[in-house]
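The primary structure of each chain is shown beneath.
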Amino acid sequence: EANFGGSVSVAAWIKMEPANYDRMIFSRARGSSMLMYMSVTSAQSNKPGCVLFGGAGIKPGHVRSSSKSRVDDGEWHFVMGMHDEEEGLLRVYLDGKISKPLKCKGSFPKISTPLIIGGSGFEGEIYGLRIFDWPIHTKDMVKVYQSRQ
């Protein structure tokens, strides 16, 4: 069971090939409500191979990594999703580069639910998934990224 929410950062190294379906890196759900997730878009998406980070309670829902960088290329990539509840920001970092921050309202619910890593149909590798119960901003994200290179 995972009991975290509000301001949070989630980081992992991932390696995967293109697929015809979205892949979940991690998720927390209650019933049909996706409380928090990080996923990779399918090869058929209008922005293929992008990382999404978001969930219920956050408006407008999720933030997307740059469409110029795909993570479904068979190479290792560092991904981090960050939500700063106080500043109202949602971000994705990919290989040490930051996405355009998304102004948001709301918060991830802080309730105890299972954390699912990978999930049904996930094909690829996930290494070193780390959860921080605070928002990791750019200069500290670089330290986390460099510590695992």
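A quick note: this is a predicted structure, and the numbers were derived from the prediction, not measured. (Residues numbered from 1 in each chain as written. Predicted model: local features only at pLDDT ≥ 70, side-chain atom pairs only at ≥ 80, totals over all residues. Heavy atoms only, no water.)

## A word on the side chain of Asp-72
Spelled out, the test is: Segments assigned H or I by DSSP are reported as helices when at least four residues long, segments assigned E as strands when at least two residues long, and all are numbered from the N terminus. Pairs of N or O atoms are called polar contacts if they sit within 3.5 Å, as long as, within protein, a hydrogen donor faces a hydrogen acceptor (for residues adjacent in sequence, only side-chain-to-side-chain pairs). By definition, residues are in contact when any of their heavy atoms lie within 4.5 Å.
Mapped onto the secondary structure, Asp-72 falls in the loop between β7 (62-64) and β8 (76-84). Of the polar contacts made by the side chain of Asp-72, one reaches the side chain of Arg-70; its length is 2.9 Å. Those residues within four positions of Asp-72 in sequence are excluded, and the remaining contacts are Met-16, Glu-17, Pro-18, Arg-23 and Gly-49.

## What about the nonpolar core?
This is how it is decided: To qualify as a nonpolar core, a set must consist of buried Ala, Val, Leu, Ile, Met, Phe, Trp, Tyr and Cys residues joined through side-chain atoms within 4.5 Å. The buried label applies to any residue whose accessible area, calculated with a 1.4 Å probe on protein chains only, is under 20% of its type's maximum; exposed applies above 50%, and partly exposed to all values in between.
Within the largest apolar cluster, 22 residues are counted, with the highest numbers of intra-cluster contacts made by Met-36, Phe-53 and Val-79. The set of elements that each furnish at least two residues to this core consists of β2 (8-15), β3 (23-30), β4 (33-40), β5 (51-54) and β9 (89-94). Contact partners of Met-36, with chain neighbours within four places excluded, come to Phe-4, Val-8, Val-10, Phe-26, Ser-27, Arg-28, Phe-53, Gly-54, Gly-55 and Phe-108. Of all hydrophobic cores here, the second largest spans 11 residues; its members include Ala-11, Phe-78, Met-80 and Met-82.

## What to know about the packing of aromatic side chains
How we decide: Stacked, tilted and edge-to-face pairs are distinguished by plane angle, under 30 degrees for stacked and over 60 for edge-to-face with tilted covering the rest, among Phe, Tyr and Trp rings (Trp via its six-membered ring) whose centres lie within 6.5 Å. Whether a charge sits over a ring depends on NZ of Lys or CZ of Arg being within 6 Å of the ring centre and within 35 degrees of the ring normal.
Under the criterion given, the structure shown has 3 aromatic pairs. Both rings, one in Phe-132 and one in Trp-134, keep their centres 5.3 Å apart while their planes meet at 65°; by these two values the pair is edge-to-face. Overall, the relative accessible area of 45% leaves Trp-134 in the partly exposed class. Of note, Arg-23 hangs over the ring of Tyr-21, and the distance from its end group to the ring centre comes to 6.0 Å.

## Comments concerning the sheet that holds β4
To keep it simple, the criterion reads: Pairing between strands requires that DSSP locate at least two bridges from one strand to the other. Helix axes use the C-alpha atoms of the stretch in contact, all axes being lines fitted to C-alpha atoms, and the angles between their N-to-C directions lie in the range 0 to 180 degrees.
The strand order β7-β5-β4-β3-β14 describes an open sheet built from 5 strands, whose pairing is antiparallel. Edge positions in the open sheet fall to β7 and β14 (115-117), since each of these has one partner strand only. When the angles between neighbouring strand axes are averaged without regard to direction, this sheet yields 15°. Here 4 bridges tie β4 to β5, and the two strands are oriented antiparallel to one another. Each residue of the ladder has a partner; that of Ser-39, found in β5, is Leu-52.

## Comments concerning helix α1 (residues 138-147)
Operational definition: Arc definition: it is the arc formed by the directions from the helix axis to the C-beta atoms.
Of the residues making up α1, those classed as buried are Met-141, Val-144 and Tyr-145. All buried residues of α1 fall inside an arc of 100° around its axis, so they share one side. Projecting away from the buried face of α1 at angles above 90 degrees are the exposed residues Lys-139, Lys-143 and Gln-146. For α1, the elements touching its buried residues are β2, β8, β9 and β15 (125-132).

## Some thoughts on the environment of Arg-91
Take Arg-91: it is sitting in strand β9. Distance from Arg-91 to Ile-136, taken between C-alpha atoms, is 9.9 Å for residues 45 residues apart in sequence. Setting aside residues up to four positions removed in sequence, Arg-91 forms contacts with Phe-53, Val-63, Met-80, Gly-81, Met-82, Ile-98, Ser-99, Pro-101 and Thr-138.

## Concerning the pairing of β2
For β2, the tally of buried residues reaches 7 of 8 residues, placing the bulk of the element in the interior. Where β2 meets β8, 8 bridges bridge the pair, whose relative direction is antiparallel. Looking at β8, one finds that Lys-15 is bridged to Trp-76. Inspection of the sheet shows β2 paired to β15 by 6 bridges, in the antiparallel sense.

## As for the confidence of the model for the protein chain
The following threshold applies: One number per residue, pLDDT, summarises how confident the predictor is, and it ranges from 0 to 100.
With 95% of its residues at a pLDDT of at least 70, the protein chain reaches an overall mean of 85. When pLDDT is averaged over each helix and strand of the protein chain, the minimum, 74, is found for strand β1 (residues 2-6) and the maximum, 93, for β2.

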